[in-house]
Amino acid sequence: PYGLPLDETTIAEVMKDAGYRTTAIGKWHLGFCSENYTPTFRGFDSYQGYLIGAEDYFKHTRDWNHVEGYDFRNSSFEAKDILPPTAKGFIGTYSAYIFTQRAIDVATHHAAAYPTTPLFTYLPFQSVH
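So, here is what we can say about the structure in this document.

Some thoughts on the sheet that holds strand 1 (residues 21-27)
Strand order in the open sheet formed by four strands is 5-2-1-6, with mixed pairing between adjacent strands. In this open sheet, the two edge strands, each paired with only one partner strand, are strand 5 (73-74) and strand 6 (119-122). Strand direction decides the pairing type here: strand 1 and strand 6, joined by four bridges, are parallel. Each bridged residue has a counterpart across the sheet, and for alanine 24 the counterpart in strand 6 is tyrosine 122. Its contacts with the sheet put helix 2 (residues 95-113) on strand 1, strand 2 (46-50), strand 5 and strand 6, and the angle it makes with strand 2 is roughly 175 degrees.

Comments concerning the pattern of salt bridges
Applying the stated criterion across every chain yields a total of four salt bridges. In this structure, aspartate 45 engages lysine 16 in a salt bridge whose closest nitrogen and oxygen atoms are separated by 2.8 Å. Linking aspartate 45 in the loop between strand 1 and strand 2 with lysine 16 in helix 1 (residues 11-17), this pair joins segments that are 29 residues apart in sequence. Note on aspartate 45: relative accessible area 4%, which makes it buried. In this structure, glutamate 78 and arginine 21 form a salt bridge, with 2.7 Å as the shortest nitrogen-oxygen distance. Linking glutamate 78 in the loop between strand 5 and helix 2 with arginine 21 in strand 1, this pair joins segments that are 57 residues apart in sequence. The exposure class of arginine 21 is buried, given its relative accessible area of 15%.

Conventions used here
- Residues numbered from 1 in each chain as written.
- Predicted model: local features only at pLDDT ≥ 70, side-chain atom pairs only at ≥ 80, totals over all residues.
- Heavy atoms only, no water.
- Pairing = 2+ DSSP bridges.
- Helix = DSSP H or I, 4+ residues; strand = E, 2+ residues; numbered from the N terminus.
- Contact = heavy atoms within 4.5 Å.
- Axes fitted to C-alpha atoms, helices over the stretch in contact; angles between N-to-C directions.
- Salt bridge = Lys/Arg side-chain N within 4 Å of Asp/Glu carboxyl O.
- Buried < 20%, exposed > 50% of the residue type's maximum accessible area, 1.4 Å probe, protein only.

Right under this line is the structure:
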C-alpha cells in the first residue's frame, strides 16, 4: 500500500495529545489505500478536501489514462474514525474558495462548541506549490 506508514505519528495525533481539536482541509495525498490512511483515521476530527493529487480546481476530478474520477470528501465537524462521504455539491466552485469557507465554518463551529479548547487547523491549499 502507498501512504504515510501507519506507525508514523501525525501532527494531528500530537496536537490531540496536547488537548487540541483538529481539522484538515485541502490536499491530503498521504494515502487512501484503506480508510486507516485517511485524515479522520490519522488524528483529525474532521476533513474536507481531496485524497490524491492533481485534481481539477473546479470539477474536483482526476484524469488518469483518460479515465476521470471524482475525488472530493466532506465530513461533518465530528467525524473522527469515519471516512467522509464523497461530496459532489461543490462542482463548479474553485477549490481555494471552498477550503477558505470551510476554515471559517470550522472556526465558527469550534468557538461555539468548544470555547475553552484550542483548535489546530491543517490547511494545505491546492494552489500551485
